[in-house]
Amino acid sequence: MPENTELAPQDRPDAPSAGSLVPSPPPPPLAGDGHAVRRWFSEIEDEPVSVADGTLAGARSAASAYARRAKADNTRRAYRAAVRVWCLWCDRHGLTPLPASGADVAAFLADERGRGVSTETLKLRRAAIRYLHRLAGCPVPTDDACVAETMAGIQRDAASRGEIRRKKVAATATVIRRLLAPIGDTELTDLRDRALILVGFAGALRRSELAGIRIEHLTPSERGLRLTLPQTKGSQTEAVTVALPYGDTELCPVHALERWRVAAGLQRGPLFRRIWSPPSGRKGRERTAPPGPVIGERALTPQSVALIIQRRAMAAGFGRRDLGGHSLKRGALTTGMERGVHPARLKRLGRHKSYDVLGEYLEFGDIFDGHPLDGVL
């Protein structure tokens, strides 16, 4: 931008646009490179809520920090990674990532698509660029028609090539039994993974919800355990209670969970934790046997939960990418559907806001079974 060009107040990057978030630290200058933008974005995302000091500036800073916390941690991590990719691309081409033009964003999306990036990832990166500009109070380039047209063309091209978003296999009751078959019942990792799978299935839980369970969240009742989720994807501001009922088969989540807790000696804190074996030591010239497995203090990450499910699926004969973090939730809802459970109850089990979202989680069986025109054709 020429140095003698003066921006109107509403066009200045430091002037918050309608609906934008008010940044606490000043945004990077117009000539700031990608590194400066990435550093600023990380700093403002990590900034804690300021202590009330009675000033308007302090109140605005706190409001901005609270607004940023409206997004889930997973979303914020994904946005941070996407902003990094965007800034590096701008650096390679000598462009300013903030503020950016719609033409530059469209070129970025097209270039990334040319490298084989999926349409779903491109949509996430477009959303991250939008969020970056809103956070800085800059005009949002992703609203430009050229960006929407480019993205629509990419999606149409992907569809014409037969690129279909592949969903993970639903871990129905039948699949769950297959997953559990190779798992032992004495080793700590086996007890943990068995409990994790059964709790995730019975509660129709996401991987982030499984990772976040603390022992204090579990309350015994006559019919099982009441699990309180302080925060979920569908309820960011209110706690949700999930039933983990007693069962009469090997799929009982309560018995599996209790066996894990007793074996691990857990009384408080995260329920599902990392387990590792320390290296063996030496005593003189002889190598001593390694001590027993160690149970960590911190909770498993959502990614670790997904990897555990993936590893157990492979041990049961599934492909490496067949099952993932969403398989337990999809499997629980699909099993309920196959048993004729009313959709309203399935919606409640899945904690979905709409039936449209619920439908995305269901895996229907043979499309020929119960065809509406059976006996007619």
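Structure first, text after, so check above.
First, a word on what this report is: a plain description of the structure on this page.

1. Things to note about the layout of surface pockets
When its volume is computed, the second largest pocket comes out at roughly 1300 Å³. Ala-202, Ala-243, Leu-244, Pro-245 and Leu-349 are the residues nearest the centre of the second largest pocket, which is lined by 31 residues in total. Of all elements in the fold, only helix H8 (188-202), strand E2 (224-229), strand E3 (240-245), helix H12 (327-338) and helix H13 (343-350) reach the threshold of two or more residues within the lining of the second largest pocket. Ranked by the residues each element gives to the lining of the second largest pocket, the list is headed by E3, at 6 residues. Here the residues of the lining of the second largest pocket sort into 16 nonpolar, 7 polar and 8 charged.

2. Section: the side chain of Asp-322
Tracing the chain through its elements places Asp-322 in the loop between helix H11 (302-315) and H12. A polar side-chain atom of Asp-322 sits 2.7 Å from the main-chain amide nitrogen of Gly-319.

3. Quick notes on the packing of H8 against H12
Interaxial distance between H8 and H12 falls to 7 Å at its minimum, and their mutual angle equals 50 degrees. One element, H8, and the other, H12, form an angle in the oblique class. Here H8 and H12 pass one another in a crossing that is right-handed. In this structure, H8 uses Leu-196, Ile-197, Gly-200 and Phe-201 to contact H12, whose residues at the interface are Leu-328, Gly-331, Ala-332 and Thr-335. Here the contact of H8 with H12 is built from residues that sort into 5 nonpolar, 3 polar and no charged.

4. Digging into helix H5 (residues 119-136)
Relative to the 26 Å expected for 18 residues at 1.5 Å per residue, H5 spans 26 Å between its end C-alpha atoms, a close match to the ideal helical length. Every buried residue belonging to H5 is among Thr-119, Leu-122, Arg-125, Arg-126, Ala-127, Ala-128, Ile-129, Tyr-131, Leu-132, His-133, Leu-135 and Ala-136, and all of these are buried.

5. Side note on the packing of H5 against helix H6 (residues 145-160)
Contact pair H5 / H6: the axes reach a minimum separation of 10 Å and the direction vectors enclose 165 degrees. The orientation of H5 with respect to H6, classified from their angle, is roughly antiparallel. In this structure, H5 meets H6 at a crossing whose hand is left-handed. Residues Thr-119, Leu-122, Lys-123 and Arg-126 of H5 lie in contact with H6, whose contacting residues are Val-147, Met-151, Ile-154, Gln-155 and Ala-158.

6. Considering empty space enclosed by the protein
All told, the structure shown has 1 cavity of 30 Å³ or more when counted by the stated rule. Of the volumes computed, that of the largest cavity is approximately 30 Å³. At the level of secondary structure, the elements contributing two or more residues to the lining of the largest cavity comprise H8 and helix H10 (253-264). When residues of the lining of the largest cavity are assigned to their parent elements, the largest contribution, 3 residues, is made by H8.

7. Examining unusual backbone geometry
The omega angle of the peptide bond from Leu-98 to Pro-99 is -5 degrees, so this bond is cis rather than trans. Tracing the chain through its elements places Pro-99 in the loop between helix H3 (73-92) and helix H4 (102-114). A positive phi angle, near 50 degrees, is found at Ala-204, a position not held by glycine. Residue placement: Ala-204 occurs in the loop between H8 and helix H9 (207-211).

8. Examining H6
With 16 residues, H6 extends 22 Å from end C-alpha to end C-alpha; this agrees with the ideal 22 Å at 1.5 Å per step. When we look at burial in H6, the residues that qualify are Val-147, Met-151, Ile-154 and Ala-158. Within H6, the buried residues cover an arc of 60 degrees as seen down the axis, which keeps them to one side. Exposed side of H6, more than 90 degrees from the buried face: Ala-145, Glu-149, Arg-156, Ala-159 and Ser-160 are the residues found there. Buried-residue contacts for H6 involve H4 and H5. Two residues or fewer past H6, Gly-162 is found with a positive phi of approximately 80 degrees.

9. Some details on the packing of aromatic side chains
Evaluated as defined, the whole model comprises 5 aromatic pairs. Here Tyr-79 and Tyr-131 contribute two aromatic rings whose centre-to-centre distance is 5.4 Å and whose plane-to-plane angle is 45 degrees, an arrangement assigned as tilted. Remark: Tyr-131 occurs in helix H5 and Tyr-79 occurs in helix H3; sequence separation between them is 52 residues. Residues Tyr-79 and Tyr-131 agree in their burial class; the two are buried. Ring centres of Trp-86 and Phe-108 lie 5.1 Å apart, and the angle between their planes is 75 degrees; this geometry places the pair in the edge-to-face category. Separated by 22 residues along the polypeptide, Trp-86 in helix H3 and Phe-108 in helix H4 bring together distant segments of the chain. Here Trp-86 and Phe-108 have matching classes, each one buried. Through successive ring pairs, a cluster of aromatic residues spans Phe-41, Tyr-79 and Tyr-131. Sitting over the ring of Phe-318, Arg-178 keeps its end group 3.8 Å from the ring centre. Lying across the ring of Trp-276, Arg-274 places its NZ or CZ 4.6 Å from the centre.

Calculation criteria
Residues numbered from 1 in each chain as written. Predicted model: local features only at pLDDT ≥ 70, side-chain atom pairs only at ≥ 80, totals over all residues. Heavy atoms only, no water. 1 Å grid on protein atoms, 1.4 Å probe; cavity = no way out; pocket = protein on both sides within 12 Å on 5 of 7 lines; lining within 4 Å. Points joined across faces, edges and corners; volume = space filled by probe spheres on them. Helix = DSSP H or I, 4+ residues; strand = E, 2+ residues; numbered from the N terminus. Nonpolar A, V, L, I, M, F, W, Y, C, P; charged D, E, K, R; others polar. Polar contact = N/O pair within 3.5 Å; in protein donor to acceptor, adjacent residues only side chain to side chain. Axes fitted to C-alpha atoms, helices over the stretch in contact; angles between N-to-C directions. Parallel < 35°, antiparallel > 145°, perpendicular 65-115°, else oblique. Left-handed = near helix turned anticlockwise from the far one by under 90°. Contact = heavy atoms within 4.5 Å. Expected span 1.5 Å × (residues − 1). Buried < 20%, exposed > 50% of the residue type's maximum accessible area, 1.4 Å probe, protein only. Arc of directions from axis to C-beta. Phe/Tyr/Trp six-rings, centres within 6.5 Å; stacked < 30°, edge-to-face > 60°. Lys NZ or Arg CZ within 6 Å of the ring centre and 35° of its normal.

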